[in-house]
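# Residue-level structure breakdown
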Amino acid sequence: MAPLPDYRPKQLSVGPLEAEILNIIWELGSATVKDVHDRILADPNRELAYTSVTTVLRRLTDKGWLACDKKERAFYWRPMLSKQQSDVIKAHEQLQRFLAVGNPDVVAAFADSLDEAASEQIAAIAKRIQSARQAREEK
């Protein structure tokens, strides 16, 4: 079970192109604008200006998703958190919004609408939550 990371981007929302470029950075670990641009243009059906990639990389940096390091004459962007950490943060945010409804009847109605596989998944989650609570109490 992955813990909630201490670091969080300033802004969680990312657009489709930002998400695509973020995924490329996660795959490469660290990349220049050219690396990202070349990866996107590897698809013959895609067109995207080099300057657009630069703009998106800067925007992701401003949002807190990426950091930029200068090595010699090139700028390299690297992720501030892993894809897994990102998924944990996003799932946590979605769960918090769901629980903010605060009405047990709404939550119960949602639970009643789940299929068997989803219900089993909810039961497994509840079991893990209980185990985590017990482990904390034993410390």
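Residues numbered from 1 in each chain as written. Predicted model: local features only at pLDDT ≥ 70, side-chain atom pairs only at ≥ 80, totals over all residues. Heavy atoms only, no water.

## Things to note about the packing of aromatic side chains
Considering all chains together, one arrives at two aromatic pairs under this definition. Here the aromatic rings of Trp-26 and Trp-65 are separated by 6.4 Å at their centres, their planes lie at 80°, and the arrangement is edge-to-face. Placement of the pair is Trp-26 in helix H1 (residues 16–28) and Trp-65 in the loop between helix H3 (50–63) and strand S1 (66–71), with a sequence separation of 39 residues. Here the two residues Trp-26 and Trp-65 agree in accessibility, since each one is buried. Seen from their ring centres, Phe-75 and Trp-77 are 6.4 Å apart, and the 45° between their planes marks the pair as tilted. On the basis of relative accessible area, Phe-75 is assigned to the partly exposed category, the value being 42%. One cation-aromatic arrangement involves Lys-71 over Tyr-76; the distance from NZ or CZ to the ring centre is 4.9 Å. (Phe/Tyr/Trp six-rings, centres within 6.5 Å; stacked < 30°, edge-to-face > 60°. Helix = DSSP H or I, 4+ residues; strand = E, 2+ residues; numbered from the N terminus. Buried < 20%, exposed > 50% of the residue type's maximum accessible area, 1.4 Å probe, protein only. Lys NZ or Arg CZ within 6 Å of the ring centre and 35° of its normal.)

## Points about the domain arrangement of the chain
As assigned here, the chain comprises domain 1 (16–82) and domain 2 (84–138). Each of domain 1 and domain 2 has a C-alpha centre, and the two are 34 Å apart. At the interface, four residues of domain 1 touch five residues of domain 2. Surface buried jointly by domain 1 and domain 2 totals about 370 Å² across both partners, of which 58% is contributed by carbon and sulfur atoms. (Domains from an automatic or database assignment. Contact = heavy atoms within 4.5 Å. Buried area = accessible area lost by both parts, 1.4 Å probe.)

## Describing the environment of Ala-91
If you trace the backbone, Ala-91 turns up in helix H4 (residues 83–99). Classification of Ala-91 by relative accessible area gives partly exposed; the value is 42%. Sequence separation of Ala-91 and Leu-4 is 87 residues, and the distance between their C-alpha atoms is 9.9 Å.

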